[in-house]
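# What the coordinates show
Residue strings, one per chain:
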Amino acid sequence: MTEKNGNFYLSTAIHYANAAPHVGHAYEAVLGDIIARYERSRGRDVFFVSGTDEHGEKNIRAAAKAGLSPEEFVGKNSAFFRDLYRELGLGEHAFIRTSDKEMHWPGAALLWKKIEAAGDLYKGVYKGLYCVGCESFKLPKELKDGKCPDHNTYPESIQEENYFFRLSRHRDKMKALLETGEIAIIPAFRKAEVLSFLEEGAEDISFSRYKGEIPWGVPVPNDDEHVMYVWCDALASYISALGFGRENEKKFEAFWPADIHLIGKDILRFHAVIWPAMLLSAGLPLPRSIMVHGMVLSGGHKMSKTIGNVIDPREYIARYGKDAFRYYLGREISPFEDGDFTGEKFIRAYNANLANGLGNFAARVIAMAEKYFGGKIGQSSEDVPLLSTTQTVLENHKTEWYSIPYVVEHITAPHYHGYFENREMHKAFDEAWSLLSLLDGYITDYEPFKLIKTNPEKTQAVIWNLLYGLFYVADFIAPLMPDTAETLKEHIGAKIGTDGVPESFEARPLSAPLFARIETKEGRAEK
RNA sequence: CGCGGGGUGGAGGAGUGGUACCUCGCAGGGCUCAUAACCCUGAGUCGCCGGUUCAAAUCCGGCCCCCGCAACCA
């Protein structure tokens, strides 16, 4: 197996390009970007990839409906995704399109050939319900009262010859790999779900479609009559993105296997069972972990146009900024459970934690530094310990007294990194806000705005501690809110000492509030 | 008996054996550096019934009610 030397490979799912992205897509991208930025800050070389799944009959039909060719149609939607990622402020990342003949097709073809060479492909008969009006197969759940909802006719039961993948052959091996954790499912409670899929049986799956019906796809190697069905087409993007199947591409050797495939719970089966089985068959290394996030609901319901609870990510980014939007997705929603996104909740969280919490704290500290000392705060020899009894952060640490640097180094940082290791990012960020709350308490402890009148030296030490704390708050939230972290650090003006921690500060006042309060009196809070 | 998640102060959520935590809201107090912000205090039979335990929101059994998934929809 390849030694990756600290290289880190993270993928989101590739998204079906039949419509513009919604908040769920934004959510997955932000989670991925948070992990990518964190791993980079830990010194890893990170390859982060997302993309669009562009083939399949649904796209052909949607394109026809829009009066466009499939190429034009998916090109448009794919561009929406790339635009969204830019608006979300994703850091360095790759973007793979399955219709890309140069980047993607060679990898998909090579994977197919390897699976075929392993003897895991055979021709069999695919049985399905076929709607003549749609000219396509229908799944039972797509039907209404047994009829095609578009044509109000009963579909015919017909058969066609397809290639099949011997998934059944890999069932036991897959079970073992999941049970031992060689392929880790994060969070662990999802593992039971996957194992129960395998218990129910992993039957061979249809792996191709007739080209006559669906010409829009990756051709099956050495067979003009078939195109690949979604499995080998879409899933192969995880390795084609690294250059698998292309010459002069070294990324595959450097980055594969994936450290994390980040996916939604709805597609867990394919990623935990079918994809590893395909790799197993092809003799390729298996992904190390599959991280499964929940769905973003709105008002407790799946978003739908009928209910009218669809959240448009671009609207929020445009109104409140990308960092505020990222904040909500990354901290207010657990990465593993379903989350709820409503305008009301967003505004509440924004006001409480960004305007009142972070923004206001930064403003008051920097203002005092500026007003009392012209912004220049040198290190003081005076100890100014915390006096407040805030226990949330201090539990289990029985020392005589706590200094801000002690809390940051021995309490906040270890907790923060511990949570990140488990990918509980929302909890990691909670630590930053706990620190913030403790720093607010510290101001109450010493009342520097009073102290300045009697003891300027001690006041300076207090402000030094506050700026020191704020510097680390900025550091901790950097993966979540990169722009805000940068702005904060600019205005804190820390001079870093030889041991890598801030020694003195040259604070510059903020020209405008970091996060202005959102006033809701006039009922502007939408549902 | 398909699989899974959930029912916690007025609202929304964290919390898987040992003084019940957070946000919003409400009541009272403090402070004035700051974005009417910040700090402190107050209020909860943890869906129902039974069991295990020195100890249960947390474990076990039963019941009631919500919600997802169930082969390509993040």
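With that out of the way, let us pick up helix α4 (residues 105–117). For α4, spanning 13 residues, the distance from its first C-alpha to its last is 18 Å, which sits close to the expected 18 Å at 1.5 Å a residue. For α4, the complete set of buried residues consists of Trp105, Gly107, Ala108, Ala109, Leu111, Trp112 and Ile115. A positive phi of about 80 degrees marks Gly119, the residue just after α4.

Across the sheet, which stays open at both edges, the 3 strands sit in the order β9-β11-β10 with antiparallel pairing between neighbours. On the outer flanks of this sheet lie β9 (208–210) and β10 (219–220), each paired with one strand and no other. Judged from the 3 bridges that link them, β9 and strand β11 (residues 223–228) form a sheet pairing that is antiparallel. Across the sheet, the residue bridging to Ser208 is Met228, located in β11. Each of β9, β10 and β11 is contacted by α4, which is oriented at about 105 degrees to β11, the strand it contacts most.

Once that is clear, we can look at the sheet that holds strand β2 (residues 45–53). Here we have 6 strands laid out as an open sheet, ordered β3-β2-β1-β12-β13-β7, and parallel in their pairing. Every other strand in the sheet has two partners, leaving β3 (94–97) and β7 (184–186) as the edge strands with one partner each. Here the strands of the sheet are splayed against their neighbours by 20 degrees on average, with no regard to which way each runs. One ladder, built from 3 bridges, connects strand β1 (residues 7–16) with strand β12 (residues 260–264); its direction is parallel. Paired with Leu10 across the two strands is Ile260, which belongs to β12.

We note that the domain assignment places domain 1 (8–293) and domain 2 (346–506) within chain A. Taken together, the 11 residues of domain 1 in the interface contact 12 residues of domain 2. Counting each side, the surface lost to burial between domain 1 and domain 2 is near 940 Å², with a carbon and sulfur contribution of 70%. Among the residues of domain 1 in contact with domain 2, Ile34, Arg37 and Tyr38 are the three that bury the most area, contributing 58% of the side total. For the pair domain 1 and domain 2, the interface holds 1 salt bridge. Arg423 is paired through a salt bridge with Glu39; the nearest N and O atoms lie 2.9 Å apart. Ranked by residue count, the leading element in the side of domain 1 that touches domain 2 is helix α1 (residues 23–41), at 6 residues. In the side of domain 1 that touches domain 2, the residues fall into 8 nonpolar, no polar and 3 charged.

As a further point, take the pairing of strand β13 (residues 289–293). Counting buried positions along β13 yields 5 of 5 residues, so the element is predominantly enclosed. Every second residue of β13 is oriented toward a common face, with Ser289, Met291 and His293 on one face and Ile290 and Val292 on the other, all of them buried. Bridge count between β7 and β13: 3 bridges; the pairing is parallel. Bridge pairing in β13 links Ala184 to Ser289.

Conventions used here
Residues numbered from 1 in each chain as written. Chains lettered and ligands numbered in written order. Predicted model: local features only at pLDDT ≥ 70, side-chain atom pairs only at ≥ 80, totals over all residues. Heavy atoms only, no water. Helix = DSSP H or I, 4+ residues; strand = E, 2+ residues; numbered from the N terminus. Expected span 1.5 Å × (residues − 1). Buried < 20%, exposed > 50% of the residue type's maximum accessible area, 1.4 Å probe, protein only. Pairing = 2+ DSSP bridges. Contact = heavy atoms within 4.5 Å. Axes fitted to C-alpha atoms, helices over the stretch in contact; angles between N-to-C directions. Domains from an automatic or database assignment. Buried area = accessible area lost by both parts, 1.4 Å probe. Salt bridge = Lys/Arg side-chain N within 4 Å of Asp/Glu carboxyl O. Nonpolar A, V, L, I, M, F, W, Y, C, P; charged D, E, K, R; others polar.

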